[in-house]
Amino acid sequence: MNSAELDRAVAILKRGGLVAFPTETVYGLGADARNPDALAKLYAAKGRPADHPVIVHLGDVGQVVQWAREITPIAQKLARQFWPGPLTMILKRAPGAGDAVTGGQDTVGIRIPSHAIAHALLEKFGGGVAAPSANRFGRVSATTAAHVRQEFGDAVDLVLDGGASDVGIESTIVDATGAAPVLLRPGHISARDIEEAAGVPLAQPTAQSPRAPGTLAAHYAPATPLLVMESDLLLELAATLTRQGKKVAVLARSALQPLVAGITWIAAPADAAAYAHDLYANLRTLDAAGCDAMLVEQLPQLAEWAAINDRLGRAAAGSRPPSSP
Ligand code: TXA
Ligand code: MG
């Protein structure tokens, strides 16, 4: 990206337009976080309910006080350890954080991304950029500029292209308003990483914990019905459906061999970081194949797979139920 393109992006944000940009997690659809008209445009483009809060992205930690009124000791520790990076913290909002970014809650979500283009954009813009993941509400997130264009077409004024996002899944979200951190969304920074940096164990969410409405049971969903299952069952079901004349897509990590021809098959990486990096691109590729079902091989129930298992569970819950035979 050249500096003329960066200038254009900043000018678009300043006049209330929408700029999609790469981050190390996924692409964000950005708008000026202090401009209610720009935020209304953002919510309309995403098809997102107006009471859902959105993360405010900042270029440096010195700006946090403009958005949060209280930076707890836990927040300071986590900021030192993980910012810039794939961590979002929920803090008590400052008066400058309006209802349009907080969804009317008393808290605000803040992230300082590490991606060079995101950082350059935020630094040059100089203020907060509200950016949800650059996908239509409830659908699969975007990890390339091409994904963003598929989602939004002309509804976004500019897409900055930074290649494929490194991490591939959305940031870890931690409620850092209290004496102990609460994990609201798992991510690349693990529960263990948070506990180590905070020096105290995670607390469980309570009725008072901030709502994270985007962490709905059904989210990240392809249009094709998605089912997660063990490999032996997957092979059996794939063969049965194929015999019935159905088109089947498979995402499997182990060296499984399709028993029957004609299955759209993606061999996913065995390693968790590489699997996450490719996850949304793989779901999009399989979805585009127009199959009757998408079968995803069950992953290990281990800490390093927690964030991926979380996303796949929501993708399965959010996809269309398989049509009855
Ligand atoms: O990696 C990411 O976090 C990406 C990149 C673009 O930064 N962004 C992202 O935004 O995933 P989004 O809007 O798709 O998901 C943000 C989640 C939503 O579940 C939202 O409800 C929650 O963060 N959230 C934001 N502000 C909040 C707040 N004040 N209290 C509770 N949850 C909040
Ligand atoms: Mg999202």
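Chains are numbered independently. Their residues run from 1 in the order of the written sequence. The naming scheme follows written order: chains are lettered A onward, ligands numbered 1 onward. Local features in a predicted model are, by the rule used here, given only for residues with pLDDT of at least 70; side-chain atom pairs are given and counted only at 80 or more, and totals for whole chains, interfaces and linings are based on all residues. Water and hydrogen atoms were dropped before computing side-chain values, which therefore reflect all heavy atoms in the structure.

Engineer: Residues and numbers for the layout of surface pockets, please.
Structural biologist: Both cavities and pockets are sets of points on a 1 Å grid over the protein atoms alone; in a cavity a 1.4 Å probe fits but cannot get out, in a pocket the set is open with protein on both sides within 12 Å along at least five of seven lines, and lining residues sit with an atom within 4 Å of a point. Grid points are joined across faces, edges and corners, and a volume is the space filled by probe spheres set on the points. Size it by volume and the largest pocket reaches roughly 320 Å³. Taken together, 19 residues form the lining of the largest pocket, with G187, H188, A303, E304 and A307 sitting closest to its centre. Think of it this way: any DSSP run of H or I at least four residues long counts as a helix, any run of E at least two long counts as a strand, and we number them from the N terminus. Listed by contribution, the elements that provide at least two residues to the lining of the largest pocket are α7 (191–198), α9 (272–288) and α10 (306–318). Residues that form the lining of the largest pocket fall into these classes: 13 nonpolar, three polar and three charged. Any residue that is not Ala, Val, Leu, Ile, Met, Phe, Trp, Tyr, Cys, Pro, Asp, Glu, Lys or Arg is counted as polar, Gly included; the first ten are nonpolar and the last four charged.

Engineer: Talk me through the nonpolar core; I want residue IDs and the actual numbers.
Structural biologist: L29, L78, L87, M89 and I110 are the most contacted members of the largest nonpolar core, which totals 45 residues. Elements represented by at least two residues in this core include exactly β2 (28–32), α2 (36–46), α3 (73–82), β5 (87–93), β6 (107–111), α6 (145–152) and α7. Excluding residues within four positions of it along the chain, I110 makes contact with I55, V56, L58, V64, W67, A68, W83, L87, T88, M89 and L91. Here, nonpolar core refers to any group of buried Ala, Val, Leu, Ile, Met, Phe, Trp, Tyr and Cys residues whose side-chain atoms link them within 4.5 Å. The cut-offs for exposure are 20% and 50% of the maximum accessible area for each residue type, with area from a 1.4 Å probe on protein chains only; residues under the lower value are buried, those over the upper are exposed, and the others partly exposed. Contacts are residue-level and defined by heavy atoms, with any inter-residue pair within 4.5 Å sufficient.

Engineer: Report on the site of ligand 1, specifying residues and quantitative values.
Structural biologist: A cutoff of 4 Å decides nearness: a residue is near a molecule or strand if any of its heavy atoms lies inside that distance of it. Residues in close proximity to ligand 1 total 28 residues, the closest being T25, H57, S133, S171 and R211. For this analysis, a polar contact is any N or O atom pair within 3.5 Å, provided that within protein one partner can donate a hydrogen and the other can accept it, and provided that sequence-adjacent residues contribute only side-chain to side-chain pairs. With respect to ligand 1, the side chain of R111 contributes an N or O atom lying 3.1 Å from an oxygen atom. Here an oxygen atom of ligand 1 and a side-chain polar atom of S171 are 2.6 Å apart. When atom positions are compared with the pocket grids, ligand 1 is found to occupy the largest cavity. Secondary-structure elements contributing two or more residues to the shell around ligand 1 are β3 (55–57), β5 and β6. The element best represented in the shell around ligand 1 is β6, accounting for four residues. Across the shell around ligand 1, the residue classes break down as 12 nonpolar, 11 polar and five charged. If over half the atoms of a molecule are within 2 Å of the grid points of a cavity or pocket, the molecule is regarded as sitting in it.

Purely spatial values, then, with no claim about function.
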